[in-house]
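Secondary and tertiary structure notes
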Amino acid sequence: MTPFPYVLADSSTRIAIIGAGRVGSTLAQQVTQKNLADVVLLDIVPELPSAIALDLTQAKGLEGHHRHIIGTNNYEDTANSDIVVITAGVPRKPGMSRDELLNINAKIVLQAARSAIAHSPKAILIVVTNPLDVMTYLAWKATKLPSERVLGMAGVLDSARFQTFISMELGVAPDNISTMVLGGHGDSMVPLTSYCTVGGVPITELLDSDTIARLIERTRNGGAEVVKLMKTGSAYFAPASSTCLMVDAILSNQSRLLTACTYLQGEYGLEDIFMGVPCRLGRNGVEQVVSLAVTDAEQQALFNSAQLIREQLEQVFQMGLDL
Ligand code: APR
């Protein structure tokens, strides 16, 4: 008889998830079900994180893991986390401009990052709150962490969405498809088609340029398409899965090549900005920013994307936040 694989988990690894909303709670579920770490869920709403932690705890026996999950409103309970993930923020409501959203979430992310890192000074910080590239920059400024320990989740999600739409078009399993989407998270993302392959075959050999353009457009609107259907709230399963992949790459020290929002210091001709590029992720965070050869058009698209991020950053700096 095969022995039952009943192994008590090593409980020393811990993740703090700031914001116990849809992305945060789904991430907590994934992290514990995959047995990656214990989870501390923190939210500003009283009792909400405790309720979610209790619900997830009641599923432990069913899921067969032994990870501890606690919910709290107190940053002290997040102490000594290996990774801090920030999903706290408000979603864009009808009538709210992008600028208003930016101003509100900037204050939330700044305070959340600073409070969490005060209790977990050795942590790696992953930002998920939108607008992602700006929030990641602010979190870095607010915490003064080395830049390799601050990153944002976007490229993995954008690449996964492109992978999905190619898979649906070709009828090929998504995990047979490798995609590479750079740039800012949102309308200005930059898919690098020459690095996108199906079983190692470039997609340009399998799809005509009109079809590729249509799939890129759908990828650009991947989040908006979900919002439109959902009506209240935005996507959370794929964002949580994308974050979980990054968490796994870091905790398992995979040195895995993923697209993440990271600090650029000359790569792709850009400096002092957080934007999505391929990096190797391991136990120390961003181990290497990988510079790929890009076409002139792709380079220009990256510059345009960076310009949009800089404009938003400028707006945030004008708020006079204590950075
Ligand atoms: N401190 C802690 N938690 C906060 C704070 C704060 N100052 N402000 C808001 N929150 C919490 C909210 O109470 C809520 O539970 O953040 C949570 C956000 O959850 P949701 O509204 O469900 O949003 P979600 O779908 O999880 O998205 C979170 O991820 O993908 C991005 O664009 C998305 O920015 C958004 C973020």
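Below you will find a few notes about this structure. Just so it is clear, the structure is predicted and the values come from calculations on it, not from any experiment. The residue numbering used here restarts from 1 in each chain and proceeds along that chain's sequence as written. Whole-chain, interface and lining totals are the exception, using all residues; otherwise, since this is a predicted model, local features are given only for residues with pLDDT of at least 70 and side-chain atom pairs are given and counted only at 80 or more. Water and hydrogen atoms play no part in the side-chain values, which are based on all heavy atoms of the structure.

Notes on the overall build of the protein
By the criteria applied, helices consist of DSSP H or I runs no shorter than four residues and strands consist of E runs no shorter than two, each listed in order from the N terminus. On a plain count of helices and strands, the protein comes out with 10 helices and 14 strands. Whereas a compact globule of 323 residues would reach a radius of gyration of roughly 20 Å, the protein reaches 19 Å, a difference of no more than 12%. Seen through its principal axes, the protein has C-alpha atoms that stretch 65 × 50 × 40 Å. Per-residue burial over the protein gives 51% buried out of 323 residues. Two residues qualify as a contact provided that any one of their heavy atoms is within 4.5 Å of a heavy atom in the partner residue. Restricting the contact set of the protein to residue pairs at least 6 apart, pairs at least 24 apart contribute 68%. Taken together, the 24 basic and 32 acidic charged side chains of the protein have centroids lying 4 Å from each other. Here the globule rule reads 2.2 Å times residues to the power 0.38, and the radius of gyration is calculated from C-alpha atoms. Here the term buried applies to any residue with accessible area under 20% of the maximum for its type, exposed to any over 50%, and partly exposed to those in between, with areas from a 1.4 Å probe on protein chains only. The charge count includes Lys and Arg as positive and Asp and Glu as negative, but it does not include His or the ends of the chains. Lysine's charge is taken at NZ, arginine's at CZ, aspartate's at CG and glutamate's at CD.

Observations concerning the packing of helix α6 (residues 155-170) against helix α7 (residues 209-220)
What counts as an axis is a line fitted to C-alpha atoms, over the stretch in contact for a helix, and the angles between N-to-C directions run from 0 to 180 degrees. At a minimum axis separation of 9 Å, α6 and α7 run at an interaxial angle of 135°. By the angle class used here, α6 and α7 are oblique. As α6 packs across α7, the resulting crossing turns out to be right-handed. Judged by residue contacts, Asp-158, Arg-161, Phe-162, Phe-165, Ile-166, Met-168 and Glu-169 of α6 engage Thr-211, Arg-214, Leu-215, Ile-216, Arg-218 and Thr-219 from α7. When its residues are assigned to classes, the contact of α6 with α7 shows six nonpolar, two polar and five charged. In what follows, roughly perpendicular refers to angles from 65 to 115 degrees, roughly parallel to angles under 35, roughly antiparallel to angles over 145, and oblique to any angle outside these ranges. Crossing handedness is defined as follows: a turn of the near helix away from the far one that is anticlockwise and smaller than a right angle gives a left-handed crossing, while the clockwise case is right-handed. Under the grouping applied here, Gly and all other residues not named as nonpolar or charged are polar, the nonpolar ones being Ala, Val, Leu, Ile, Met, Phe, Trp, Tyr, Cys and Pro and the charged ones Asp, Glu, Lys and Arg.

Describing the sheet that holds strand β7 (residues 177-178)
The pairing criterion for strands is at least two bridges between them, as found by DSSP. The strand order across the open sheet formed by three strands is β7-β10-β11, and the pairing between neighbours is antiparallel. Because the sheet does not close on itself, it has two edges, and the strands there are β7 and β11 (201-202). Looking at chain direction, strand β10 (residues 197-198) and β11 are connected through two bridges and run antiparallel. Its bridge partner lying in β11, Val-198 is registered against Val-201.

Some points on the site of the ligand
Residues are classed as near a molecule or strand on a simple rule: at least one heavy atom within 4 Å of it. The immediate surroundings of the ligand are formed by 18 residues, with Arg-22, Val-23, Asp-43, Thr-87 and Asn-130 found nearest. Pairs of N or O atoms within 3.5 Å make up the polar contacts considered here, provided that, within protein, one atom can donate a hydrogen while the other can accept it, and that residues adjacent in sequence are counted only when both atoms are side-chain atoms. Contact distances for the ligand include 2.9 Å between an oxygen atom and a backbone N or O atom of Arg-22. Breaking the shell around the ligand down by element, the ones donating at least two residues are α1 (22-33) and α4 (98-119). Tallied by class, residues from the shell around the ligand come to nine nonpolar, seven polar and two charged.

So, the pattern of salt bridges
By salt bridge we mean one thing: a side-chain nitrogen of Lys or Arg within 4 Å of a carboxyl oxygen of Asp or Glu. With the rule as written, the count across this model stands at six salt bridges. Close ionic contact of Asp-38 with Arg-67 constitutes a salt bridge, the shortest N to O distance being 3.5 Å. Of the two residues, Asp-38 sits in strand β2 (residues 38-42) while Arg-67 sits in the loop between α3 (60-63) and β3 (69-72), which places them 29 residues apart along the sequence. For the pair shown, Asp-38 and Arg-67 are each scored as buried. Here Arg-114 makes a salt bridge to Asp-322, at a shortest N to O gap of 3.6 Å.

A closer look at the nonpolar core
The nonpolar side chains of a soluble globular protein tend to be buried, and buried together. Ile-15, Ile-18, Val-84, Leu-125, Ile-126 and Met-246 are the most contacted members of the largest nonpolar core, which has 86 residues in total. Other than its neighbours up to four places away in sequence, Leu-125 contacts Val-84, Ile-86, Ala-113, Ile-117, Ala-139, Thr-143, Leu-145, Arg-149, Val-150 and Leu-151. The criterion is simple. A nonpolar core is a set of buried Ala, Val, Leu, Ile, Met, Phe, Trp, Tyr and Cys residues joined through side-chain atoms within 4.5 Å. Core analysis: the second largest hydrophobic core is formed by 13 residues, Phe-165, Val-181, Cys-196 and Ile-203 among them.

A word on a nonpolar patch on the surface
On the surface, Ile-44, Val-45 and Leu-48 cluster together into a nonpolar patch covering about 280 Å² of accessible area. Tracing the chain through its elements places Val-45 in the loop between β2 and α2 (48-58). Each patch is built from residues lacking any salt bridge and having more than 30% relative accessible area; the joining distance is 9 Å for like charges and 5 Å for nonpolar side chains (Val, Leu, Ile, Met, Phe, Trp, Tyr). Using the Shrake-Rupley algorithm and a 1.4 Å probe, accessible areas are obtained, with residue cover drawn only from the displayed protein chains.

Concerning unusual backbone geometry
Here the residue pair Asn-130 and Pro-131 is connected by a cis peptide bond, since its omega of -5° sits within 30 degrees of zero. You will see that Lys-231, though not glycine, has its phi angle at about 70°, which is positive. Under the relative-accessibility criterion, Lys-231 is labelled exposed at 69%.

A closer look at the packing of aromatic side chains
Geometrically, a pair of aromatic rings is defined through the distance of the ring centres and the angle of the planes. Here the aromatic set is Phe, Tyr and Trp, taking the six-membered ring for Trp, and pairing holds for ring centres within 6.5 Å; pairs whose planes are under 30 degrees apart are stacked, those over 60 apart are edge-to-face, and all others are tilted. For the structure on display, the rule yields seven aromatic pairs. Between Tyr-137 and Trp-140, the ring centres sit 5.4 Å apart and the planes meet at 75°, which makes this aromatic pair edge-to-face. One end of the pair, Tyr-137, and the other, Trp-140, are both in helix α5 (residues 132-143), three residues apart, so they sit about a helical turn from each other. An identical accessibility class is assigned to Tyr-137 and Trp-140; each is buried. Clustering of aromatic rings is evident, with ring pairs tying together Tyr-137, Trp-140, Tyr-263, Phe-274 and Phe-317.

Regarding the environment of Asp-99
In this fold, Asp-99 is placed in helix α4. Accessibility expressed as a relative area gives 44% for Asp-99, which makes it partly exposed. Measuring from C-alpha to C-alpha, the distance between Asp-99 and Gln-315 comes to 8.2 Å, with 216 residues separating the pair along the chain.

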